Amino acid sequence: MLGFIETLDHPEMVGVNPEVAHEHMAGLNFTHALAQAWDAGKLFHVDPNDQNYGRYDQDLRFGSQNLKQAFFLVRFLEEVGYDGLRHLDAYAYRTSNVEDLKAFARGCMRTYLILKEKAWRFSEDAAIQGLLEEIEAYGNSTSDQGGSYSSDRAQEVKDRRFDRQALGERDRPYERLDQLLVEPLLGVR
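Keep in mind that this is a model prediction, so the values were computed, not measured.

*Asks:* Would you mind going over the packing of aromatic side chains in detail, with residue names and values included?
*Replies:* The tally for this structure, following the rule as stated, stands at four aromatic pairs. Both rings, one in Phe62 and one in Tyr112, keep their centres 6.1 Å apart while their planes meet at 35°; by these two values the pair is tilted. Within this pair, whereas Phe62 is found in the loop between strand E1 (45-46) and helix H4 (67-80), its partner Tyr112 is found in helix H5 (residues 98-124), the two being separated by 50 residues in sequence. Taken individually, Phe62 and Tyr112 each receive the classification buried, so the pair is uniform in this respect. Relative to Phe72, the ring of Phe71 has its centre 5.5 Å away and its plane inclined at 65°; by these criteria the two rings are edge-to-face. The class of Phe71 is buried, set by a relative accessible area of 1%.

Below you can see the structure in the form of structure tokens.
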């Protein structure tokens, strides 16, 4: 849709509203779709809900299935300073009565706020930040490849040469980093 929008007569009037469930149904990473829309200046609002991969449009309560994905969604929105709508496009179970529907809505919002706090703590955790600095120092990052698309930047990526042997020999502490993410999500860090 981002490519299509630019072909319209008034592309400044049109944006997207990425939805967790729609990306997960297709087996895609929601945070990537969110970042693309943000980078293009087309993130008009976002639909945090939840979904099991490979299932049809479940629209589950936010954070109820894929907690790590929910964490990265919240972390991204908070770090970039997104101030647009967070439309909880999700549905309570069909058996829910009015009180359960209220609990469902409160649960979606509470999960977002809990993950917002955890995202802040993740960014302030000395061990996590130290490990991220270590990854960056050893060139294990592709942060130099960020930014807007241009044909020159695309050519730079195509022309880039990699020493496969050297890449295979360096430390890549991503398992340690992942554990440092999981622990706060489980409430033990």
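*Asks:* How would you summarise the environment of Glu133 if you had to cite specific residues and measurements?
*Replies:* Among the secondary structure elements, Glu133 is positioned in helix H6 (residues 126-137). We classify Glu133 as exposed; its relative accessible area is 57%. Each C-alpha atom of the pair Glu133 and Tyr56 lies 40 Å from the other, and the pair is 77 residues apart in sequence.

*Asks:* Give a description of H4 that names residues and reports values.
*Replies:* Between the first and last C-alpha of H4 there are 20 Å, a value that for 14 residues agrees with the 20 Å anticipated at 1.5 Å per step. Taken together, the buried positions of H4 are occupied by Gln69, Ala70, Phe71, Leu73, Val74, Arg75, Phe76 and Leu77. Positive backbone phi, approximately 80°, marks Gly81, located one or two places after H4.

*Asks:* Quick rundown of the environment of Leu77? Include the residues and the values.
*Replies:* Within the secondary structure, Leu77 sits in helix H4. Look at Leu77 and you get buried, because its relative accessible area is 0%. Taking the C-alpha atoms as reference, Leu77 lies 9.4 Å from Val46; in sequence the two are 31 residues apart. The residues touching Leu77, leaving out its near neighbours within four places in the chain, are Leu34, Leu43, Val46, Tyr82, Arg86 and Tyr112.

*Asks:* Give a detailed account of the side chain of Asp125, specifying residues and quantitative values.
*Replies:* Tracing the backbone through its elements, the reader meets Asp125 in the loop between H5 and H6. A relative accessible area of 17% places Asp125 in the buried class. Reaching out from Asp125, the side chain makes a polar contact with the backbone nitrogen of Ile128 at a distance of 3.0 Å.

*Asks:* Tell me about the side chain of Asp89, residues and numbers included.
*Replies:* Inspection of the secondary structure puts Asp89 in the loop between strand E2 (85-86) and H5. The buried charged residue Asp89 lacks any salt bridge partner; its closest oppositely charged side chain belongs to Arg94, at an N-O distance of 13 Å. Once residues lying within four places of it in the same chain are set aside, the contact partners of Asp89 are Glu19, Asp47, Pro48, Asn49 and Asp59.

*Asks:* Hey, could you go over the nonpolar core for me, with residue numbers and the actual values?
*Replies:* Membership of the largest hydrophobic core comes to 31 residues, with the highest contact counts inside it found for Leu34, Phe62, Leu73 and Leu77. Listed by contribution, the elements that provide at least two residues to this core are helix H3 (30-39), H4, H5, H6 and helix H9 (174-186).

*Asks:* So, H9: which residues are in play, and what are the values?
*Replies:* Within an α-helix, residues lying three or four positions from one another point in the same direction, as the helix has 3.6 residues per turn. Compared with the 18 Å implied by 1.5 Å per residue over 13 residues, the 18 Å span of H9 between its first and last C-alpha is a close match. Buried within H9 we find Leu177, Leu180, Leu181, Pro184 and Leu185. For H9, the angular spread of the buried residues around the axis is 135°, confining them to a single face. For H9, the exposed residues lying more than 90 degrees away from the buried face are Glu175 and Leu186. Gly187, located one to two residues past H9, shows a positive phi value of around 85°.

The rules behind these values
- Residues numbered from 1 in each chain as written.
- Predicted model: local features only at pLDDT ≥ 70, side-chain atom pairs only at ≥ 80, totals over all residues.
- Heavy atoms only, no water.
- Phe/Tyr/Trp six-rings, centres within 6.5 Å; stacked < 30°, edge-to-face > 60°.
- Helix = DSSP H or I, 4+ residues; strand = E, 2+ residues; numbered from the N terminus.
- Buried < 20%, exposed > 50% of the residue type's maximum accessible area, 1.4 Å probe, protein only.
- Expected span 1.5 Å × (residues − 1).
- Contact = heavy atoms within 4.5 Å.
- Polar contact = N/O pair within 3.5 Å; in protein donor to acceptor, adjacent residues only side chain to side chain.
- Lys, Arg positive; Asp, Glu negative; His and termini not counted.
- Salt bridge = Lys/Arg side-chain N within 4 Å of Asp/Glu carboxyl O.
- Core = buried A, V, L, I, M, F, W, Y, C linked by side-chain atoms within 4.5 Å.
- Arc of directions from axis to C-beta.

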